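# Structural features, examined
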Amino acid sequence: MMGTKRRFSATAVAAAILGASLIPNLAFLAYAEKASYSFERDGASTVSFGGQTARLKMADELYDGMNSNESTADALLQQFQEGTGFADPSLDEAGKDGKNVAGKTASGCLNEENAAAKEKLADMIKDFANNVIPAWNTAAADGSPGVLSDNKRTINVNSKGWEVDQTF
């Protein structure tokens, strides 16, 4: 064990000395952080955070809806698929412009697989609204949705024991 420490120490000292002699001034490695960045094509910006920000806020409201026993499948699906039906009017405006959570969920070049993934998410929303909400105040059991509690928290689960807002 002692030989390993000595060998490491000698290697570290040699590297420090050699490095110091080869690179006497490390100042050239410093860089200045730019205050802003611009990504443009043909004079027009290629970056827009408005859609991303709207979708994140939509996802927050959708999450809140999946924690409420007053939600309906239709209302949650409208928020997910159409980007409308939100408490925040600015989100409805973004939805009217084509922004929605489903539009950027499982998006890419695998259209068949993406459509199947989106349908599974829609099924989760329906499961929450049609099965979890009706059992909101009922104790969950194997194969049955309802409430699970311990000394730290209370959650509402589907028949598989999933807290749908967390698996969504």
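Up top is the structure these notes are about.
Residues numbered from 1 in each chain as written. Predicted model: local features only at pLDDT ≥ 70, side-chain atom pairs only at ≥ 80, totals over all residues. Heavy atoms only, no water.

## What to know about the overall build of the chain
Quick note on the threshold: Helix and strand assignments follow DSSP, with helices taken as H or I runs no shorter than four residues and strands as E runs no shorter than two, numbered in order from the N terminus. Here the term buried applies to any residue with accessible area under 20% of the maximum for its type, exposed to any over 50%, and partly exposed to those in between, with areas from a 1.4 Å probe on protein chains only. When checking whether two residues touch, look at their non-hydrogen atoms; a contact exists if any pair is within 4.5 Å. Per-residue accessibility takes into account occlusion by the displayed protein chains alone, with areas from the Shrake-Rupley method and a 1.4 Å probe.
A count of helical and extended segments in the chain gives six helices and four strands. Moving toward the C terminus, one meets the helices and strands of the chain in the order α-β-β-α-α-α-α-β-β-α. Residues classed as buried in the chain amount to 28% of the 168 residues present. Long-range pairs, those at least 24 residues apart, make up 46% of the contacts in the chain with a sequence separation of at least 6. When the accessible surface of the chain is split by element, carbon and sulfur atoms take 54% of a total near 11,900 Å².

## Some remarks on the environment of T53
Secondary-structure assignment places T53 in helix 2 (residues 50–65). According to the relative accessible area criterion, T53 is partly exposed, its value standing at 36%.

## Things to note about the packing of helix 3 (residues 73–82) against helix 5 (residues 111–132)
Our working rule: In this analysis, axes come from line fits to C-alpha atoms, helices being fitted only over the stretch in contact, and the angle between any two N-to-C directions falls in the range 0 to 180 degrees. Here the word oblique covers every angle except those under 35 degrees (roughly parallel), over 145 (roughly antiparallel) and from 65 to 115 (roughly perpendicular). Each helix crossing is assigned a hand: it is left-handed if the near helix lies turned anticlockwise from the far helix by less than a right angle, otherwise right-handed if that turn is clockwise. In this classification, Asp, Glu, Lys and Arg are treated as charged, Ala, Val, Leu, Ile, Met, Phe, Trp, Tyr, Cys and Pro as nonpolar, and every other residue, Gly included, as polar.
Following both chains from N to C, one finds helix 3 and helix 5 inclined at 150 degrees, their axes separated by 9 Å at the closest point. In terms of orientation, helix 3 and helix 5 fall into the roughly antiparallel class. The chirality of how helix 3 crosses helix 5 is right-handed. Where helix 3 abuts helix 5, its residues A73, L76, L77, F80 and Q81 lie against K118, L121, A122, I125, K126, F128, A129 and N130. Residue composition of the contact of helix 3 with helix 5, grouped by class: nine nonpolar, two polar and two charged.

## Section: helix 4 (residues 89–96)
To be explicit about the condition: Arc definition: directions from the helix axis to the C-beta atoms.
All of the buried residues in helix 4 are L91, D92, A94 and G95. Down the axis of helix 4, the sector holding all buried residues measures 160 degrees, keeping them to one side. Seen from the open side of helix 4, the exposed residues pointing more than 90 degrees away from its buried face are P89 and K96. Each element contacted by the buried residues of helix 4 is listed here: helix 2 and helix 3. At the C-terminal side of helix 4, G98 shows a positive phi close to 95 degrees.

## So, the packing of helix 2 against helix 4
What describes two packed helices is the angle between their axes and the distance between those same axes. Contact pair helix 2 / helix 4: the axes reach a minimum separation of 10 Å and the direction vectors enclose 120 degrees. If you check the angle between helix 2 and helix 4, you find them oblique. As for the relative orientation of helix 2 and helix 4, their crossing is left-handed in sense. Only L91, A94 and G95 of helix 4 make contact with helix 2, whose side of the interface consists of A54, K57, M58 and E61. Considered class by class, the residues forming the contact of helix 2 with helix 4 number four nonpolar, one polar and two charged.

## Side note on the environment of G50
Mapped onto the fold, G50 is located in helix 2. Separated by 49 residues in sequence, G50 and K99 have C-alpha atoms that sit 9.6 Å apart.

## Quick notes on unusual backbone geometry
A positive phi is found at D42, a non-glycine position, where the angle reads about 55 degrees. By the secondary structure assignment, D42 is in the loop between strand 1 (40–41) and strand 2 (44–45).

## Regarding a nonpolar patch on the surface
To keep it simple, the criterion reads: Patch membership requires over 30% relative accessible area and the absence of a salt bridge. Like charges are linked within 9 Å, and nonpolar side chains (Val, Leu, Ile, Met, Phe, Trp, Tyr) within 5 Å. In the sections that follow, a salt bridge refers to a side-chain nitrogen of Lys or Arg positioned within 4 Å of a carboxyl oxygen of Asp or Glu.
Taken together, F39, V47 and F49 make up a surface patch of nonpolar side chains, about 310 Å² in accessible area. One can find F39 in the loop between helix 1 (2–22) and strand 1.

## Points about the pairing of strand 4 (residues 154–157)
How we decide: A strand pair is defined by DSSP finding two or more bridges across the two strands.
In the sheet, strand 3 (residues 146–149) pairs with strand 4 via four bridges, with the strands oriented antiparallel. For V147, the partnering residue across the bridge sits in strand 4 and is N156. As consecutive antiparallel partners, strand 3 and strand 4 are separated by four residues.

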